[in-house]
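One-letter residues, chain by chain:
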Amino acid sequence: MDHDILSWMKVDQDYLSGLALFERYTHNTKIGRMLRIGGATVKNRLTLSYELSKIAKHLAAFENASALAKPPVKKESPKPAQPLPPEVTTIDRLRSEQKMCYKMLDNLHAVLPYREIQERKEIAFRILDIDDQLKEITGRIAHYETNGVIPPAPVNDEPKKVSEMSEAELIIRQNNVRTYIARYKRLVTDSKKLKTLSRNQELLDKFQLELDEITERLNK
């Protein structure tokens, strides 16, 4: 885990130093250029915090995978006509998924400027989700090409309880939850249907309670 990112999340959060960290650890020049040109607006600060928390999360996952992974066993005389190792078929599938993510992002970025405001927000959140998926896939491919081992995919739907998280995990989660709260505050303000408003308010309250619990643990 890179402690510079954790220190920025926990204490500093200076916009320019955070932007320098983002540019050090990512090749996403599109977002970097947007953040640098747009300056330290509220929206850009939230985006920067969200992106850095994703980088820290991936760095932690790869460190854990590297510690557990064993180098592949080399066979002295492989038998002919053996089926392909699982790693080969898995890496081909990951590369195919990677290409699909790039295509989806290209399509979403192309239509984004031409949609209504509410639809643009939904497309923007979809872009963030696909970008998360793309970074996870790209990281697993890079790890395989360097070490010959594919890290396991992260578990998506069963996050740790706050009481089970380490300090580093709490800091990462705190920044993610802050981003979610800002997102759902905007959605609550913009909701036109009663059902949508109720659902967004419910999620906003849920994330606010989680943030309070995380903050309490970090302050102990």
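Everything below is about the structure shown above.
Overview of the structure. (Residues numbered from 1 in each chain as written. Predicted model: local features only at pLDDT ≥ 70, side-chain atom pairs only at ≥ 80, totals over all residues. Heavy atoms only, no water.)

## Brief notes about the overall build of the chain
Counting its regular elements, the chain contains 8 helices and 0 strands. Counting helices and strands in the order they occur from the N terminus, the chain gives α-α-α-α-α-α-α-α. Sorting the 220 residues of the chain into buried and exposed places 36% on the buried side. When contacts within the chain are restricted to residue pairs at least 6 apart in sequence, those whose partners lie at least 24 apart make up 69%. (Helix = DSSP H or I, 4+ residues; strand = E, 2+ residues; numbered from the N terminus. Buried < 20%, exposed > 50% of the residue type's maximum accessible area, 1.4 Å probe, protein only. Contact = heavy atoms within 4.5 Å.)

## Considerations on the side chain of serine 49
Following the sequence through the fold, serine 49 ends up in helix H4 (residues 42–68). With sequence-adjacent residues up to four places away left out, serine 49 is seen in contact with Trp8 and Asn175.

## Quick look at the packing of aromatic side chains
In this structure the tally under the stated criterion is 2 aromatic pairs. A centroid spacing of 5.0 Å and a plane angle of 45 degrees characterise the contact between tyrosine 180 and phenylalanine 207, whose relative ring orientation is tilted. Placement of the pair is tyrosine 180 in helix H7 (residues 167–190) and phenylalanine 207 in helix H8 (residues 194–218), with a sequence separation of 27 residues. For phenylalanine 207, a relative accessible area of 9% gives the class buried. (Phe/Tyr/Trp six-rings, centres within 6.5 Å; stacked < 30°, edge-to-face > 60°.)

## Remarks on the environment of leucine 48
By the element assignment, leucine 48 lies in helix H4. Assessed through its relative accessible area of 0%, leucine 48 is described here as buried. Linking leucine 48 and glycine 18, residues 30 residues apart in sequence, is a C-alpha distance of 7.1 Å. When near neighbours in sequence (up to four residues on either side) are disregarded, leucine 48 contacts Trp8, Tyr15, Gly18, Leu19, Phe22 and Leu35.

## Digging into the nonpolar core
Membership of the largest hydrophobic core comes to 34 residues, with the highest contact counts inside it found for Ile5, Met9, Phe22, Leu35, Leu48, Leu52 and Phe207. Contributions of two or more residues to this core are made by helix H1 (3–12), helix H2 (15–25), helix H3 (29–38), H4, helix H6 (117–147), H7 and H8. Ranked by the residues each element gives to this core, the list is headed by H7, at 9 residues. Excluding its chain neighbours within four sequence positions, the residues that come into contact with methionine 9 are Leu52, Ser53, Ala56, Ile171, Ile172 and Asn175. Grouped together as the second largest cluster of nonpolar side chains are 12 residues, Ile91, Leu94, Leu105 and Ile130 included. (Core = buried A, V, L, I, M, F, W, Y, C linked by side-chain atoms within 4.5 Å.)

## Topic: the pattern of salt bridges
In the structure shown here, the tally under the stated rule is 8 salt bridges. One salt bridge connects arginine 36 with glutamate 23, and the closest N-O pair in it is separated by 2.9 Å. One end of the pair, arginine 36, is in helix H3; the other, glutamate 23, is in helix H2, and 13 residues separate them in sequence. Glutamate 23 gets classed as partly exposed once you look at its relative accessible area, which sits at 36%. A salt bridge links lysine 135 to aspartate 131; its shortest N-O distance comes to 3.8 Å. One end of the pair, lysine 135, and the other, aspartate 131, are both in helix H6, 4 residues apart, so they sit about a helical turn from each other. (Salt bridge = Lys/Arg side-chain N within 4 Å of Asp/Glu carboxyl O.)

## Focus on H2
For H2, the complete set of buried residues consists of Tyr15, Gly18, Leu19, Leu21 and Phe22. Here the buried residues of H2 occupy an arc of 160 degrees about the axis, which is enough to place them on one side. Structural note: H2 exposes Leu16 and Arg24 on the side pointing more than 90 degrees away from its buried face. (Arc of directions from axis to C-beta.)

## Some details on the packing of H7 against H8
Across the interface, H7 lies against H8 with an axial gap of 9 Å and an inter-helix angle of 155 degrees. Considered as vectors, H7 and H8 are oriented roughly antiparallel to each other. The crossing of H7 and H8 is left-handed. Classifying every residue of the contact of H7 with H8 by side-chain character gives 15 nonpolar, 5 polar and 6 charged. (Axes fitted to C-alpha atoms, helices over the stretch in contact; angles between N-to-C directions. Parallel < 35°, antiparallel > 145°, perpendicular 65-115°, else oblique. Left-handed = near helix turned anticlockwise from the far one by under 90°. Nonpolar A, V, L, I, M, F, W, Y, C, P; charged D, E, K, R; others polar.)

## A short note on the environment of arginine 33
Secondary-structure assignment places arginine 33 in helix H3. Through-space distance from the C-alpha of arginine 33 to that of leucine 19 is 10.0 Å; in sequence the pair is 14 residues apart.

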